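What follows is the residue order along each chain.
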Amino acid sequence: MKKLVTLLALTTAIASPVAAQEITEFNIGILGGENAQDRLASNECFRAYVEEALGVPTRLFTPADYNGVIQGLVGGSLDFAWLGASAYAAVYVSNPDAVEPILVKTNLDGTFGYYSIGFARADSGVTSLDDMKGKVFAFGDPNSTSGYLIPSVEIPAQVNATMESGDYFGEVRFVGGHEQTIIAVYNGDVDAGVTWADGQGNWEDGYNSGALRKAADAGLVDMNEMVEIWRSKSIPEGPIVLRQSLPQDAKDKVYEVLANLHVTDAECAYSVAAGETAGFFPVTHEAYESIIAVRLAKMN
């Protein structure tokens with residue numbers, strides 16, 4: 001915390017003072033992953049803190065898919081978002097000057113990596129990718145890091161086949177987002193899918209944080225009825241970004257709200273972070289250069 005306060009002091013001292021009152025509103029974009037009502041509820045406490053800090057109307061926006069947030073940031077209609085690494089790469093590739101990474105959610109052990117987790121129903125007989133040949137596999141959103149980008153690269157290498165329907169898997173389909181994937185697997189609509197989790201803590205809780213934890217907390221699933229069948233290599237947690245052209249004073253105020261949220265309001269931090277967190281700490285563009293390279297490779 002001492003380092004964080006020092007960093008805030010330095011950034012404030014170096015920056016040219018520009019009044020937050022130069023903005024008339026502040027718009028927060030929330031990626032898909034759960035239904036819109038739950039996304040609004042999870043982030044309302046943070047919205048209120050930001051509105052109080054900036055003194056301007058602050059609104060939450062929940063587009064139907066990841067691309068809605070990406071385009072809002074690229075076009076300048078959104079000022080803030082917590083992106084996945086792949087979504088950040090998409091914004092950066094479209095316009096390198098649109099946003100700047102400021103903070104990243106950390107795990108309880110201080111790391112900021114997470115995993116794409118493959119999972120199936122415990123009663124399905126599927127315990128690994130070896131059991132998935134000819135079966136239905138679900139991705140979330142094509143702009144999701146853990147819900148598509150990373151598994152679409154790592155899984156084909158493991159099964160020595162493509163992710164095209166009928167090659168190894170009987171069918172590969174997009175179901176819309178993390179919550180949709182979890183429910184589709186849990187209800188037996190698909191045989192397996194991928195979502196995100198920090199991979200720490202207990203499986204029966206949905207791990208410490210991530211989409212599985214959110215679903216378990218909400219009572220949507222009983223984790224004991226599902227099993228983990230695959231895990232990616234560690235992925236850098238996506239950045240919290242701000243519109244680069246915002247006044248510096250506004251950036252500093254929003255940064256301070258989020259950076260101190262786990263201390264000032266632990267319950268709100270839990271809600272925003274989708275579970276347990278050691279807090280939000282500084283991060284820079286350099287942390288995502290490898291993901292940007294993967295994204296560009298997929299585009300070619």
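The structure this text deals with has already been given above.
Residues numbered from 1 in each chain as written. Predicted model: local features only at pLDDT ≥ 70, side-chain atom pairs only at ≥ 80, totals over all residues. Heavy atoms only, no water.

Draft legend 1. Summary view of the packing of aromatic side chains. Enumeration over the complete set of coordinates arrives at 13 aromatic pairs. Pairing phenylalanine 26 with phenylalanine 80 gives two aromatic rings, centres 6.4 Å apart and planes at 55 degrees, and the pair type is tilted. In this pair, phenylalanine 26 is assigned in strand E1 (residues 26-29) and phenylalanine 80 in strand E3 (residues 80-82), connecting sequence segments 54 residues apart. Phenylalanine 80 matches phenylalanine 26 in its accessibility class, with the two residues each being buried. Look at tryptophan 203 and tyrosine 207: their rings are 5.7 Å apart centre to centre, the planes differ by 75 degrees, and that puts the pair in the edge-to-face class. Accessibility assignment for this pair places tryptophan 203 and tyrosine 207 in one class, buried. (Phe/Tyr/Trp six-rings, centres within 6.5 Å; stacked < 30°, edge-to-face > 60°. Helix = DSSP H or I, 4+ residues; strand = E, 2+ residues; numbered from the N terminus. Buried < 20%, exposed > 50% of the residue type's maximum accessible area, 1.4 Å probe, protein only.)

Draft legend 2. Spatial organisation of the environment of threonine 106. Along the polypeptide, threonine 106 turns up in strand E4 (residues 99-106). Separated by 172 residues in sequence, threonine 106 and alanine 278 place their C-alpha atoms 5.5 Å apart.

Draft legend 3. The side chain of serine 116, seen in detail. Relative to the helices and strands, serine 116 resides in strand E5 (residues 113-121). Serine 116 has contacts with Ser146, Pro151, Val194, Thr195, Trp230, Arg231, Ser232 and Ile235, leaving out every residue within four places of it along the chain. (Contact = heavy atoms within 4.5 Å.)

Such coordinate-based values are descriptive only and should not be taken to indicate function.
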